[in-house]
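Structural characterization, general
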Amino acid sequence: MLDRLQTLEDRYDKLNELLSDPEIISDTAKLRDYSKEQAGLEDVVQAYREYKDVNTQLKDAKEMYDDKLDDDMYEMVKAEVAELSESKEELEEKMRVLLLPKDPNDDKNVIMEIRGAAGGDEAALFAGDLYRMYSRVAEKYGWKTEVIEASSTGVGGYKEIIFMINGTGAYSKLKYENGAHRVQRVPETESGGRIHTSTATVAVLPEAEEVEIDIHEKDIRVDTFASSGPGGQSVNTTMSAVRLTHDPTGVVVSCQDEKSQIKNKEKAMKVLRARVYDKFQREVQAEYDENRKSAVGTGDRSERIRTYNFPQNRVTDHRIGLTIQKLDQIIEGNLDDFIDALLMEEQTKKMEQIGE
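Per an unreviewed UniProt entry, the recorded name for the protein chain is Peptide chain release factor 1, and the organism is Virgibacillus byunsanensis. Of the comments in the UniProt record for the protein chain, the one headed Sequence similarities (unreviewed entry) reads "Belongs to the prokaryotic/mitochondrial release factor family." Looking at the Subcellular location (unreviewed entry) heading of the UniProt record, one finds this comment for the protein chain: "Cytoplasm".

1. Here's the deal with the overall build of the protein chain
Helix and strand counts for the protein chain stand at nine helices and eleven strands. Per-residue burial for the protein chain yields a buried fraction of 40% across its 356 residues. Sequence-distant contacts in the protein chain: of pairs separated by 6 or more residues, those separated by 24 or more amount to 61%. As displayed, the protein chain offers around 19600 Å² of accessible surface, 47% of which is attributable to carbon and sulfur atoms.

2. Some words on the sheet that holds strand 2 (residues 144-152)
Hydrogen bonds between backbone atoms are what pair the strands of a sheet, whose relative direction is either parallel or antiparallel. One open sheet holds the eight strands; their spatial order is 2-3-1-5-4-9-10-11, and the pairing between them is mixed. With partners counted over all chains shown, the strands left at the sheet margins are strand 2 and strand 11 (322-324), one partner each. Across this sheet, the average inter-strand angle for adjacent strands is 15°, counted without regard to direction. Bridge count for strand 9 (residues 304-309) against strand 10 (residues 314-317) is four bridges, and the pairing is antiparallel. When the bridges of strand 10 are listed, Thr 307 appears paired with Thr 316.

3. So, the nonpolar core
Counting 32 residues, the largest nonpolar core has Met 112, Ile 114, Leu 130, Tyr 134, Ile 165, Leu 174 and Tyr 308 as its most contacted members. Listed by contribution, the elements that provide at least two residues to this core are strand 1 (110-116), helix 5 (121-141), strand 3 (158-166), helix 6 (170-174), strand 5 (196-206), helix 8 (327-330) and helix 9 (336-355). Element by element, the count of residues in this core is highest for helix 5, at eight residues. Of all hydrophobic cores here, the second largest spans 20 residues; its members include Ala 61, Leu 91, Met 95 and Leu 99.

4. A short note on the side chain of Arg 182
Within the fold, Arg 182 resides in strand 4 (residues 179-185). Put simply, Arg 182 is tucked away with no salt bridge, and the nearest opposite charge, on Glu 122, sits 12 Å away. Polar contacts involving the side chain of Arg 182 include one to the side chain of Thr 307, which spans 3.0 Å. Excluding anything up to four places from it in sequence, Arg 182 contacts Phe 126, Thr 197, Ser 198, Thr 199, Arg 304, Arg 306, Thr 307, Tyr 308 and His 318.

5. Side note on the packing of helix 1 (residues 2-18) against helix 3 (residues 28-63)
Running from amino to carboxyl end, helix 1 crosses helix 3 at an angle of 130°, the nearest separation of the two axes being 8 Å. Relative to helix 3, the element helix 1 is oriented oblique. When the axes of helix 1 and helix 3 are compared, the crossing they make is left-handed. The segment helix 1 lies against helix 3, with Leu 2, Leu 5, Gln 6, Leu 8, Glu 9, Arg 11, Tyr 12, Asp 13, Leu 15, Asn 16 and Leu 18 engaging Tyr 34, Glu 37, Gln 38, Leu 41, Glu 42, Val 44, Val 45, Tyr 48, Arg 49, Tyr 51 and Lys 52. Taken together, the residues of the contact of helix 1 with helix 3 break down into twelve nonpolar, three polar and seven charged.

Conventions adopted
- Each chain has its residues counted from 1, following the order in which its sequence is written.
- Reporting of local features is limited, given that this is a predicted model, to residues whose pLDDT is at least 70; pairs of side-chain atoms are given and counted only at 80 or more, and all residues count toward the totals for whole chains, interfaces and linings.
- Hydrogens are left out, water is left out, and the side-chain values use all remaining heavy atoms of the structure.
- UniProt positions are given in the numbering used here, feature names are shortened, and annotations may be inferred rather than shown by experiment.
- Numbering of helices and strands runs from the N terminus; a helix is a DSSP stretch of H or I covering at least four residues, while a strand is a stretch of E covering at least two.
- Each residue gets one of three labels from its accessible area relative to the maximum for its type: buried under 20%, exposed over 50%, partly exposed in between, using a 1.4 Å probe on protein chains only.
- Whether two residues are in contact is decided by their heavy atoms: any pair within 4.5 Å suffices.
- Calculation of accessible area relied on Shrake-Rupley with a 1.4 Å probe; when residues are assessed, cover is drawn exclusively from the protein chains displayed.
- Pairing between strands is defined by DSSP: at least two bridges between them are needed.
- Note on geometry: axes are lines fitted to C-alpha atoms, helical ones only across the stretch in contact, with angles between N-to-C directions running from 0 to 180 degrees.
- Remark: nonpolar core denotes a set of buried residues (Ala, Val, Leu, Ile, Met, Phe, Trp, Tyr, Cys) joined through side-chain atoms within 4.5 Å.
- His is not counted here, nor are the chain ends, while Lys and Arg score as positive and Asp and Glu score as negative.
- Think of a salt bridge as a Lys or Arg side-chain nitrogen and an Asp or Glu carboxyl oxygen that are within 4 Å of each other.
- Polar contact criterion, stated in full: a pair of N or O atoms within 3.5 Å, where within protein one must be able to donate a hydrogen and the other to accept it, and residues adjacent in sequence count only if both atoms are side-chain atoms.
- Between 65 and 115 degrees an angle is taken as roughly perpendicular, under 35 as roughly parallel, over 145 as roughly antiparallel, and anywhere else as oblique.
- Should the near helix be turned counterclockwise from the far one by less than a right angle, the crossing is left-handed, whereas a clockwise turn marks it as right-handed.
- Only Asp, Glu, Lys and Arg are considered charged in this grouping, and only Ala, Val, Leu, Ile, Met, Phe, Trp, Tyr, Cys and Pro are considered nonpolar; every other residue, Gly among them, is considered polar.

Shown next, in the form of structure tokens:
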């Protein structure tokens, strides 16, 4: 492990030199790639440097045992050795985690798709609640949210809403939200006060860059139509809405959020690229899963992953058996407890797989 860490530190130092080179600075593509690579190495290199510093201090402290020390000094050295030894162990564990294989999509923007499932109007209302929850998560991290397509209902919810969250590391935080979310509460439309159970599905797709997936214009069928509002009625007379169909995969994307046909096509293209990329990724993952169980958070979207029980102010994540009695805070975007627990579970599984 230490040899690998030294190699990474050497590469980090080399990247520092390259990023100061005028030729690299003038080359946008290389500057972007090297900056991204350096940022990816920063945490592990910093931990390794801290480790080397602690190791040197620990060695010096242990050498003091060889000197003739009075009782007070002996106890001071003993306490310092114990503290440094503990710091060394913590840094070793931190470096093992930082050296685990990273998801190549972790730093990407995400496209999220939320759909009301079982439960009619209440499912659509819950889909709206989930959209607002993720919007607040984005605000918390300083990310930007942009609606791509929305099909609203007359009661204030969404049959479907597709939106992009732009921000470094968005996918690393939100990828665990992929799946079916269940809500248990008394609907606003229920006069009898009975608790209903409804569901909404969430799909989390990493934004795919053009260089990552080859989509040819000749493979895309473009249809235009007039935008429509709730109930299907036309809301304008121009053919600004766009539907893209990728013939090789059958992926279809519509967008009518903008008044401009060009802007709708640009937004639809982002979703199309992400869905095709996701389709290919899932095919590769399916082959992998035949031989080894996949990490948490990458399961089928039909899998029920979480239940939100409003009467008891309780949220349960069924993948890791974690229940938190703070639904009121979680629905306001405070998802860190779940995100951290799911990340730890995934890291543990990766370490177990490496040890097999």
